[in-house]
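# Commentary on secondary and tertiary structure
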Number of protein chains: 2
Amino acid sequence: MARWDPGAEQRLRKAALELYAAHGYDAVTVNQIAEHAGLTRRSYFRYFPDKREVLFAGSERLPAAVIEAIRAVDPAVGPWPTVLQAAAEVGELLAEFAENSDVRRAVIAATPELQERERTKLASVTAAIRDGLEERGVPAEDAALVAQIGAAVFQNAFSRWIDGGMKSSFRSCFDAVVDSLRGGLFELDD
Amino acid sequence: MARWDPGAEQRLRKAALELYAAHGYDAVTVNQIAEHAGLTRRSYFRYFPDKREVLFAGSERLPAAVIEAIRAVDPAVGPWPTVLQAAAEVGELLAEFAENSDVRRAVIAATPELQERERTKLASVTAAIRDGLEERGVPAEDAALVAQIGAAVFQNAFSRWIDGGMKSSFRSCFDAVVDSLRGGLFELDD
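Residues numbered from 1 in each chain as written. Chains lettered and ligands numbered in written order. Predicted model: local features only at pLDDT ≥ 70, side-chain atom pairs only at ≥ 80, totals over all residues. Heavy atoms only, no water.

### Topic: the relation of the copies chain B and chain A
Note the threshold: To line up the copies, we fit them by least squares on C-alpha atoms, keeping just the residues with pLDDT of at least 70 in both. Any two residues whose heavy atoms approach within 4.5 Å are treated as being in contact.
Placing chain B over chain A gives an RMSD of 0.0 Å and needs a rotation angle of 180°, together with 0.0 Å of translation along the axis. On the angle and the small slide along the axis, the relation comes out as a two-fold axis. When C-alpha distances to the rotation axis are compared across chain B, the minimum falls at B:Ile149, with a value of 2.9 Å. In this assembly the copies share their binding face: 100% of the residues contributing to the interface of chain B also contribute to that of chain A.

### Examining the packing of helix 6 (residues 101-109) of chain B against helix 7 (residues 112-135) of chain B
Each pair of packed helices can be summarised by the angle the axes make with each other and by the distance between the axes. Quick reminder of the rule: For helices, the fitted axis covers only the stretch in contact; all axes are lines through C-alpha atoms, and the angles between them, taken along N-to-C directions, range from 0 to 180 degrees. Only runs of H or I of at least four residues qualify as helices and only runs of E of at least two qualify as strands under DSSP, and these elements are numbered from the N terminus.
Interhelical geometry of helix 6 of chain B versus helix 7 of chain B gives an angle of 115° and a closest axis separation of 7 Å. For the pair helix 6 of chain B and helix 7 of chain B, contact is made by B:Arg104, B:Val107, B:Ile108 and B:Ala109 and by B:Leu114, B:Gln115, B:Glu118 and B:Lys121, respectively.

### What to know about the interface of chain B and chain A
As a reminder of what qualifies: We define a salt bridge as a contact between a side-chain nitrogen of Lys or Arg and a carboxyl oxygen of Asp or Glu at a distance within 4 Å. Whenever a nitrogen or oxygen atom comes within 3.5 Å of another N or O atom, the pair is scored as a polar contact, on the condition that within protein one atom can donate a hydrogen and the other can accept it, and that pairs from neighbouring residues in sequence are kept only if both atoms are in side chains. Asp, Glu, Lys and Arg are counted as charged, while Ala, Val, Leu, Ile, Met, Phe, Trp, Tyr, Cys and Pro are counted as nonpolar; the rest, among them Gly, fall into the polar class.
Taken together, the contact between chain B and chain A spans 33 residues of the former and 33 residues of the latter. Ionic pairing is found between A:Glu141 and B:Arg160, a salt bridge with its closest N-O pair at 3.5 Å. On the surface where chain B and chain A come into contact, there are 4 residue pairs in polar contact (both at pLDDT 80 or more). At the level of secondary structure, the elements contributing two or more residues to the side of chain B that touches chain A comprise helix 5 (79-95), helix 7, helix 8 (140-163) and helix 9 (170-182) of chain B. Tallied by class, the residues present in the side of chain B that touches chain A amount to 17 nonpolar, 6 polar and 10 charged.

### Some details on helix 1 (residues 8-23) of chain A
All names here are of chain A. To keep it simple, the criterion reads: Expected span, for any helix, means 1.5 Å times one less than how many residues it has. Summary of the burial criterion: residues with accessible area below 20% of their type's maximum are buried, those above 50% are exposed, and those between are partly exposed, where the area comes from a 1.4 Å probe applied to protein chains only.
For helix 1, which comprises 16 residues, the first-to-last C-alpha distance of 22 Å matches the rise-based estimate of 22 Å (1.5 Å per residue) to within 8%. Considered for burial, the residues of helix 1 that qualify are Ala8, Leu12, Ala15, Ala16, Leu17, Leu19 and Tyr20. Following helix 1 by one or two positions, Gly24 has its phi on the positive side, about 90°.

### Quick word on the pattern of salt bridges
Residue and element names in this part refer to chain A. Considering all chains together, one arrives at 22 salt bridges over all chains under this definition. Among the ionic pairs, Asp131 bridges to Arg130, the shortest N-O distance being 3.0 Å. Among the residues examined, Asp131 registers a relative accessible area of 36% and is labelled partly exposed. On the basis of relative accessibility, which here comes to 31%, the residue Arg130 falls in the partly exposed class.

### Here we look at the packing of aromatic side chains
Given two aromatic rings, their pairing is described by the distance between the two centres and the angle made by the two planes. As a reminder, the rule being used: Geometry of aromatic contacts follows a simple scheme: Phe, Tyr and Trp rings, the Trp one being its six-membered ring, pair when their centres are within 6.5 Å, and the pair is stacked under 30 degrees between planes, edge-to-face over 60, tilted otherwise. For a ring to carry a charge above it, either NZ of a lysine or CZ of an arginine must fall within 6 Å of the ring centroid while also lying within 35 degrees of the normal to the ring plane.
Under the defined criterion, the tally for this structure stands at 20 aromatic pairs over all chains. Between B:Phe154 and B:Phe158, the aromatic rings sit 6.4 Å apart at their centres with planes inclined by 15°, giving stacked as the arrangement. With B:Phe154 and B:Phe158 both in helix 8 and 4 residues apart, the pair spans about one turn of that helix. Relative to B:Trp161, the ring of B:Phe158 lies with its centre 5.5 Å away and its plane at 50°, an arrangement referred to as tilted. With B:Phe158 and B:Trp161 both in helix 8 and 3 residues apart, this pair spans about one turn of that helix. In textbook terms, an aromatic cluster arises when at least three aromatic residues are bridged by ring pairs, as seen for A:Phe154, A:Phe158, A:Trp161, A:Phe170 and A:Phe174. Above the plane of the ring of A:Phe56 lies A:Arg117, whose end atom (NZ or CZ) is 5.1 Å from the centre.

Below you can see the structure in the form of structure tokens.
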């Protein structure tokens, strides 16, 4: 696994993003990405199975990170604050890998196949939240609802954070979304 | 478009569901579905482009129905109650087509390709809610958040309704989910 070049994976991800942003996802080949990163096609396939997964590297670790973060919350804490606490923690972790997130998001938004992959990823995070809550004894229906809303809040916070040029912390964006939930936005005047 | 057989589409949908449930989605062909419905392969393709879309017939009308339902809400009503009102209405509409929803759900849950399609459909509904809110002057970030949470509530209510054998009304399941949101489930004890 290429111990001699620890920066290769990172270079490939950067090269892919640059080429996808410049020429469009469909027009770029694995050969071009590898060349742009100063590597061979064979090296590319040491890290990624295809031209799609280079955009989602690391995301396969998210569900496990979510479950672990939920397990770390005091069992006396209710379902919703548990999700908030775990989501904020996982978000901080994600923020470490968030370089070029704005470019990545634009590339994904332009290609239905990538949007599908992104939704699949989010669904696996939602399922992890649900499983983590069920493990704590939350009834299945409630766990599913809290998980879906938690994932929506997480996604929205991440999006705001990228919109703001990642200048503030992820946590402050997350707190802003939670404040919207508590405050006027969800006021029920019916 | 087969004016001579107004029940054909419905028969094909029923036949597809029965075969998918019995043999698994991957094992069933269009020919088998057509035969099971007493029709020809050629008739099948008058109604559906492939073996997947027979499971999602009618869903292409959902985004427009959502936008329309949002437009019908008094402009003075805030974003969240607007979504609740529109979602309840669209849900009632959906309920009319909900025969065999439990079988359909089981078939989809067993096949990643179908789950992807289902998520894409939900994403288009979420986008319709967001667009409908922006049309009412709701700021983009708020519209996105309310739309995502509205879609989660809708999906959860639909799921509960199917779990309950569709014996109660969709509206009562929807109201139960909204009550969970208002009540203890989302209590913030942090």
